[in-house]
Amino acid sequence: TQTVSQSDAHVTVFEGDSVELRCNYSYGGSIYLSWYIQHHGRGLQFLLKYYSGNPVVQGVNGFKAEFSKSDSSFHLRKASVHWSDSAVYFCAVSDVTNAYKVIFGKGTHLHVLP
Amino acid sequence: EAAVTQSPRNKVAVTGGKVTLSCNQTNNHNNMYWYRQDTGHGLRLIHYSYGAGSTEKGDIPDGYKASRPSQENFSLILELATPSQTSVYFCASGEGGAEQYFGPGTRLTVL
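By convention here, each chain's residues receive numbers from 1 onward along its written sequence. Here the convention is simple: chains get letters from A, ligands get numbers from 1, in the order in which they are written. Two thresholds apply to this predicted model, a pLDDT of at least 70 for residue-level local features and 80 or more for giving and counting side-chain atom pairs, whereas whole-chain, interface and lining totals are computed over all residues. Side-chain metrics in this entry use all non-hydrogen atoms of the structure; hydrogen atoms and water are not considered.

### Points about the confidence of the model for chain A
Alright, step 1. The share of residues in chain A with pLDDT of 70 or more is 100%, and the mean pLDDT across the chain is 93.
Alright, step 2. How sure the predictor is of each residue is captured by pLDDT, a score from 0 to 100. Strands are runs of DSSP state E lasting at least 2 residues, helices are runs of H or I lasting at least 4, and numbering of each runs from the N terminus. By mean pLDDT, the top-scoring element of chain A is strand β3 (residues 19-21) of chain A (98), and the lowest-scoring one is strand β11 (residues 103-104) of chain A (90).

### Some details on the interface of chain A and chain B
Alright, step 1. Residue contacts are defined here by distance: any two heavy atoms, one from each residue, within 4.5 Å place the two residues in contact. Chain A puts 18 residues into the contact, and the matching count from chain B is 22 residues.
Alright, step 2. Buried area: the sum, over both parts, of the accessible surface (1.4 Å probe) that disappears when the two are put together. Approximately 1600 Å² of surface area, both sides summed, lies buried where chain A meets chain B, with 56% of it carried by carbon and sulfur atoms.
Alright, step 3. Contact with chain B buries area across many residues of chain A, yet L44, Y100 and F104 of chain A alone supply 35% of it, more than any other trio.
Alright, step 4. What makes a salt bridge here is a side-chain nitrogen of Lys or Arg within 4 Å of a carboxyl oxygen of Asp or Glu, nothing more. For the interface between chain A and chain B, the tally reads two salt bridges.
Alright, step 5. Counted as a polar contact is a pair of N or O atoms within 3.5 Å, where, for protein atoms, one must be capable of donating a hydrogen and the other of accepting one, and residues adjacent in sequence contribute only when both atoms are in side chains. At the junction of chain A with chain B, the criterion picks out six residue pairs in polar contact (both at pLDDT 80 or more).
Alright, step 6. For the side of chain A that touches chain B, the leading source of residues is strand β5 (residues 31-38) of chain A, giving four residues.
Alright, step 7. Three classes are used: nonpolar for Ala, Val, Leu, Ile, Met, Phe, Trp, Tyr, Cys and Pro, charged for Asp, Glu, Lys and Arg, and polar for all others, with Gly counted as polar. Among the residues forming the side of chain A that touches chain B, the class breakdown is nine nonpolar, five polar and four charged.

The following block contains the structure:
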């Protein structure tokens, strides 16, 4: 059974700080991993995806994520956050052989203070 | 610009009534999905479709039907709405690989 765990329900930082949002998964086969952002009252917006190759994936707006097979992790990072980055971030996993279905984590609410 | 749109954006229905939520995508994606989002449960898959004419059950299909009459359109139907179906519903399209594109959501309240 695939699972996605986002250990932090809330993360609070100041504008200009760096941030890491944590994602761990449990699955033995080949998978896709992705991150989404959801601003208040909006739909989810795709940020980035990893399948193979370079374990560091660049996304939009300065976000990047790093895949680690040994840690079963796919953490999202940003070097300098802006107040507009305040949102809920979802990690997601999909089995390569059954790629239609995506399992989403519970989400991490990022609060960026001025 | 390619997009996923949903209508209505807000809906108030009465218990036992019929509700139809509509979704349109201009991404030309084969796969479309309906999710509901509730506090404490995250996103849950209701129905999905591989293409026009196909519908498949997701993780929580009970009380919901789906219809995919064309590549662009995917509807979610609540034949007999209940208060437990009060939620925010999202439609999405994609080609697989954990990359989906979501609509803005429909807030449904069943009284």
